[in-house]
Amino acid sequence: MAAMEPRDLCEQSPSYVRSIAPYQPGKPIAELAREYNLDPASIVKLASNENPLGLSPAAKLALQREIADLARYPDGGAFDLKVALCRRYRVAQENIVVGNGSNDVLELAAAAFLAPGASAVYSQHAFAVYPLATLARGAKGIAVPAKQFGHDLDAMAAAVRTDTRIVFLANPNNPTGTFAPHAEVERFLAKIPRNVLVVLDEAYNEYLPEALRFDTVKWLERFPNLMIVRTFSKVYGLAGLRVGFGLMHPAVADLLNRVRQPFNVNNLALAAAAAALHDDAFIEKSFKLNRDGLKQFEAGARQLDLAFISSVGNFLTIEFARVQGKPQGGVIFEKLLREGVIVRPVAGYEMPDHLRVTVGTGVENDRFLVALTKVLGR
Ligand SMILES: *Cc1c(COP(=O)(O)O)cnc(C)c1O
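Let me sum up the structure you'll find in this document. (Residues numbered from 1 in each chain as written. Predicted model: local features only at pLDDT ≥ 70, side-chain atom pairs only at ≥ 80, totals over all residues. Heavy atoms only, no water.)

What about the sheet that holds strand β10 (residues 315–319)?
Within a beta sheet, neighbouring strands are joined by backbone hydrogen bonds and run either parallel or antiparallel to one another.
Then, in step 1: The strand order β9-β10-β13-β12 describes an open sheet built from four strands, whose pairing is antiparallel. Unpaired on one side and paired on the other, β9 (308–309) and β12 (344–345) mark the two borders of the sheet.
Then, in step 2: Relative to strand β13 (residues 354–358), β10 is paired through five bridges, and the arrangement is antiparallel. What sits directly across from Glu319, in β13, is His354.
Then, in step 3: Against the sheet, helix α13 (residues 329–338) contacts β12 and β13, and its axis sits at roughly 40° relative to β13. (Pairing = 2+ DSSP bridges. Helix = DSSP H or I, 4+ residues; strand = E, 2+ residues; numbered from the N terminus. Contact = heavy atoms within 4.5 Å. Axes fitted to C-alpha atoms, helices over the stretch in contact; angles between N-to-C directions.)

Here's the deal with the packing of helix α6 (residues 102–113) against helix α7 (residues 129–136)
Then, in step 1: Contact pair α6 / α7: the axes reach a minimum separation of 9 Å and the direction vectors enclose 35°. The way α6 lies across α7 gives a crossing that is right-handed. The residues of α7 that touch α6, namely those facing Asn103, Leu106, Glu107 and Ala110, are Val129, Tyr130 and Ala133.
Then, in step 2: Class assignment for the residues of the contact of α6 with α7 results in five nonpolar, one polar and one charged. (Left-handed = near helix turned anticlockwise from the far one by under 90°. Nonpolar A, V, L, I, M, F, W, Y, C, P; charged D, E, K, R; others polar.)

Quick look at the nonpolar core
The tendency in soluble globular proteins is for nonpolar side chains to be buried as a group.
Then, in step 1: Membership of the largest hydrophobic core comes to 57 residues, with the highest contact counts inside it found for Leu81, Val98, Phe188, Leu226, Phe232 and Leu247.
Then, in step 2: Element by element, the count of residues in this core is highest for helix α11 (residues 267–276), at six residues.
Then, in step 3: Here this core spans two domains, since at least three of its residues come from each of domain 1 (22–53 + 281–375) and domain 2 (57–278).
Then, in step 4: Core analysis: the second largest hydrophobic core is formed by 32 residues, Ala109, Ile166, Leu197 and Met248 among them. (Core = buried A, V, L, I, M, F, W, Y, C linked by side-chain atoms within 4.5 Å. Buried < 20%, exposed > 50% of the residue type's maximum accessible area, 1.4 Å probe, protein only. Domains from an automatic or database assignment.)

Looking at the packing of aromatic side chains
Then, in step 1: Applying the stated criterion across every chain yields a total of nine aromatic pairs.
Then, in step 2: For the pair Tyr130 and Phe168, a centre-to-centre distance of 4.8 Å together with 5° between the ring planes defines the contact as stacked. In this pair, Tyr130 sits in helix α7 while Phe168 sits in strand β5 (residues 164–170), placing the two residues 38 residues apart along the sequence. Across this residue pair, the class does not change: Tyr130 and Phe168 are buried.
Then, in step 3: On the numbers, 5.8 Å between centres and 45° between planes, the contact of Phe232 with Phe245 is tilted. Residue Phe232 is located in the loop between β7 (226–231) and β8 (244–248), and its partner Phe245 is located in strand β8; the two are separated by 13 residues in the primary sequence. Summarising the burial analysis for this pair, Phe232 and Phe245 share the class buried.
Then, in step 4: Grouping aromatic residues by their ring pairs yields a cluster made of Tyr89, Phe232, Tyr236 and Phe245.
Then, in step 5: We note Arg356 situated over the ring of Phe315; from NZ or CZ to the ring centre the distance is 5.7 Å. (Phe/Tyr/Trp six-rings, centres within 6.5 Å; stacked < 30°, edge-to-face > 60°. Lys NZ or Arg CZ within 6 Å of the ring centre and 35° of its normal.)

Some thoughts on the pairing of strand β4 (residues 140–144)
Then, in step 1: Taken together, the five bridges between strand β3 (residues 119–123) and β4 define a ladder with parallel strand orientation. Following the sheet pairing, Ser119 is matched in β4 by Lys140.

Re the pattern of salt bridges
Note that side chains of opposite charge can pair when their charged atoms are close.
Then, in step 1: Summed over the entire model, instances satisfying the criterion amount to 12 salt bridges.
Then, in step 2: As a salt-bridge pair, Glu50 and Lys45 come within 3.1 Å of each other at their nearest N and O atoms.
Then, in step 3: Ionic pairing is found between Asp254 and Arg258, a salt bridge with its closest N-O pair at 2.5 Å. Placement of both Asp254 and Arg258 in helix α10 (residues 250–259) is noted, with a separation of four residues, approximately one turn of the helix. (Salt bridge = Lys/Arg side-chain N within 4 Å of Asp/Glu carboxyl O.)

Things to note about the site of the ligand
Then, in step 1: Near the ligand lie 13 residues; those nearest to it are Asn103, Thr231, Ser233, Lys234 and Arg242.
Then, in step 2: Separating an oxygen atom of the ligand from a backbone N or O atom of Ser102 is a distance of 2.6 Å.
Then, in step 3: Between an oxygen atom of the ligand and a side-chain N or O atom of Lys234, the distance comes to 3.3 Å.
Then, in step 4: Protein burial of the ligand: of its 390 Å² of free accessible surface, 94% is covered by the chains.
Then, in step 5: Tallied by class, residues from the shell around the ligand come to four nonpolar, six polar and three charged. (Near = heavy atom within 4 Å. Polar contact = N/O pair within 3.5 Å; in protein donor to acceptor, adjacent residues only side chain to side chain. Areas by Shrake-Rupley, 256 points an atom, 1.4 Å probe, with all protein chains shown as cover.)

Observations regarding unusual backbone geometry
Then, in step 1: Of note, the amide linkage connecting Asn171 to Pro172 takes the cis form, showing an omega dihedral of -5°.
Then, in step 2: One can find Pro172 in the loop between β5 and α9 (182–191).
Then, in step 3: With an omega of 15°, the peptide bond running from Asn174 to Pro175 counts as cis.
Then, in step 4: Following the sequence through the fold, Pro175 ends up in the loop between β5 and α9.
Then, in step 5: Of note in this structure, Asn49 is not a glycine but carries a positive phi near 55°.
Then, in step 6: Of note, Asn49 is situated in the loop between β1 (44–45) and α4 (57–66).
Then, in step 7: A positive phi angle, close to 60°, is found at Glu350, a residue other than glycine.

So this is what it looks like as structure tokens:
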């Protein structure tokens with residue numbers, strides 16, 4: 001039963017909040033099972049860039065141990081996880097802010113630097129949380145047209161205005177899988193004024209092929225306005241626990257900590273993340289599975305004569321030809337659902353001709369390719 005809509009109340013919410021378009025998450029397996037009366041076990045979800053291998057065995061053990069202590073509040077300072085991160089990245093605890101997912105860290109950056117009258121710069125087709133975090137603060141979002149679906153770094157640097165407080169950069173980017181070489185990012189950083197925060201979101205960093213890997217953390221010494229954001233949701237397989245972190249100058253970390261909820265990351269997430277960080281065997285296995293899966297998808301797309309955006313992430317974004325001038329992303333998404341395969345429509349990213357497909361296990365990837373062949377009538 002719904003009471004009468006409290007319109008007088010809702011109108012009191014700032015117009016910049018009311019005009020935000022809600023985030024559209026990947027469809028949960030249980031929801032599709034209910035809607036189409038399917039067996040959940042038969043459904044393949046390749047929609048949210050999760051790790052198909054689940055979580056690392058080391059993280060699982062840490063979780064089992066941690067359950068005994070759940071009546072206690074978490075360590076708001078995230079000491080153990082920070083110690084592990086310091087060892088891994090050769091930074092000091094003062095450089096680290098831990099978040100309830102890296103989305104939390106992105107939000108904290110917006111809370112600390114954005115307000116009505118300020119602006120943030122990001123790319124067209126970039127991760128949806130950048131506009132969300134920007135608009136929720138009443139700041140203006142400046143979306144810079146993409147170049148072949150990737151970030152146009154020169155245009156982004158040129159778009160910085162005197163009221164710009166943050167530039168968001170996703171490298172690799174989601175949902176396109178595009179990558180800006182590190183030399184270009186370095187030149188970009190050198191061009192950005194020191195009073196503008198550059199948020200470099202590297203959620204897919206661990207999936208980069210060896211030849212593209214680079215220690216971006218060392219840039220922190222040269223660029224005090226740089227914030228590097230990483231997550232445990234992707235290769236580490238902890239998306240459901242919500243934990244990520246940012247590396248930044250201690251003075252910037254201090255600002256973020258002022259707007260951070262004191263207990264923003266729960267006990268289980270902290271323990272699992274600290275354990276997962278050093279499970280190199282699991283990371284390597286996940287990495288290899290992903291390289292194989294990307295090749296499988298690319299071969300499958302070529303066989304079906306489908307164009308795709310070259311990806312260095314754990315997903316491939318595939319293009320579908322228009323039919324009578326109409327984009328087909330949404331149509332094919334719906335048809336795949338009926339086959340029990342969930343992928344991600346990206347019309348909300350101004351890409352109505354594309355679908356983003358997360359790399360799964362070999363068997364899951366096959367299920368997708370077979371279903372796709374069928375719905376395309378090939
Ligand atoms: C998946 C993703 C994240 C991770 O968000 P969490 O809140 O850590 O789960 C961050 N940035 C990008 C670009 C992503 O695609």
